[in-house]
Amino acid sequence: MPAYASYGSPSLNKMENGYGHGGRSSFSLGRIFGDPFALSTISIGSLAWVIAFVSSILSALRPKPEERVPPFAWWTLVYMLFSIVGVSITVASDSERTYHVAVVGFTAAGIVLSSSAVNALVYSPVAANEAAAAGFILLSMIAIVWVFYYGSQPQASHRTFVDSYALHKEQPASRSSRQMSNNYGAPQQSSLAPQPQLYTSAQLNGFETSSPVSGYPGGPIGGDARGSSIPRFGGGMGQTPTNDVEQQPQEQSIEYPYRAKAIYSYEANPDDANEISFQKHDILEVSDVSGRWWQAKKPNGETGIAPSNYLILL
């Protein structure tokens, strides 16, 4: 089998050079304003931080040292400020799934710090200290909510309900998420059992060999010779090119048991009639997931092959 030198698609080559798998996503404050959960928690957390900060300044102006906020409360304010900013950046860059473990870890530590500050200030007779304690209580409550939200799977019922109000988030499927394979350079394992495989056109230059019609590279014999006067090996063995009417029942018999979400936009190669274009966050139905090119169907019924490293199974 020849080496996998290229996919033959300019967009896919860009991903291999680091323009796709780096996970770069545009920063947009609209994602925060379009997500009621993120907007409310970040707003309340910011307001609580301001209350605690201003009250701590007033407390520090007290003449008696025992009436002032403890020194570790200032570190708690700095820590919670960076936690709020970090969550805001994560939501605005649409990278919550990437950094949800870090968010849980940092906010969990923030619960300990803010709770300790509350314990040191809430029983103080000084009004400024009590106000600071109120701000730290709100901060600890927001941190608990974040740990509960980001520490849960996207398929959790409470998280699905919260995400349903966000404008930029898709609903997760009932099937558990599976990680996509990064073994793009390895040759595919052939199977003798008859099962639906990926469409592989002749313009892929033989890089992919599986086909939903037969085991020959590029599909059935003479399948890609329509409209071409160039003879090919095996073309005179009684095989006749199939027309669109004969192919239609076969395409309708293909089942699409999987669902995948587009993590990047993809523009089909104009020289490949089998490829399909799609946008980021589009949900596609997939017939088979064993190769690097998946046979997929868009919501409008359009079918074709799509690069697997642009999709993630739901």
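In this report, we go over the structure that sits alongside the text. Predicted model, so just to flag it, every value in this text is computed and none were measured.

## Regarding the packing of aromatic side chains
Here comes step 1: All chains considered together, the criterion is met by eight aromatic pairs.
Here comes step 2: Arranged with centres 5.8 Å apart and planes meeting at 65 degrees, the rings of W75 and Y79 form a pair that is edge-to-face. Placement of both W75 and Y79 in helix α4 (residues 71-92) is noted, with a separation of four residues, approximately one turn of the helix.
Here comes step 3: Given the relative accessible area of 15%, Y79 is considered buried.

## A look at the pairing of strand β2 (residues 283-286)
Here comes step 1: Examined bridge by bridge, strand β1 (residues 258-262) and β2 share four bridges and lie antiparallel to one another. Looking across to β2, one finds that K261 is bridged to I283.
Here comes step 2: Count of turn residues in the β2/strand β3 (residues 293-297) antiparallel hairpin: six residues.

## Details of the sheet that holds β2
Here comes step 1: The five strands are arranged β4-β3-β2-β1-β5 in an open sheet whose pairing can be described as antiparallel. Strand pairing shows two members of the sheet lacking a second neighbour, β4 (303-307) and β5 (311-313), which therefore form its edges. Taken over all neighbouring pairs, the strand axes of this sheet differ in orientation by 45 degrees on average, direction set aside.
Here comes step 2: Note that β2 and β3 share two bridges and pair antiparallel. Directly across from E285, in β3, lies its bridge partner K297.

## Things to note about unusual backbone geometry
Here comes step 1: Unusually for a residue other than glycine, D94 sits at a positive phi of about 55 degrees.
Here comes step 2: As for its placement among the helices and strands, D94 is situated in the loop between α4 and α5 (96-121).
Here comes step 3: Looking at D94, the relative accessible area reads 24%, which means it is partly exposed.
Here comes step 4: Of note in the backbone geometry, H281 takes a positive phi value of approximately 80 degrees without being a glycine.
Here comes step 5: Using a relative accessible area of 21% as the deciding quantity, one classes H281 as partly exposed.

Criteria and cut-off values
- Residues numbered from 1 in each chain as written.
- Predicted model: local features only at pLDDT ≥ 70, side-chain atom pairs only at ≥ 80, totals over all residues.
- Heavy atoms only, no water.
- Phe/Tyr/Trp six-rings, centres within 6.5 Å; stacked < 30°, edge-to-face > 60°.
- Helix = DSSP H or I, 4+ residues; strand = E, 2+ residues; numbered from the N terminus.
- Buried < 20%, exposed > 50% of the residue type's maximum accessible area, 1.4 Å probe, protein only.
- Pairing = 2+ DSSP bridges.
- Axes fitted to C-alpha atoms, helices over the stretch in contact; angles between N-to-C directions.

These results come straight from atomic positions and should not be treated as a statement about function.
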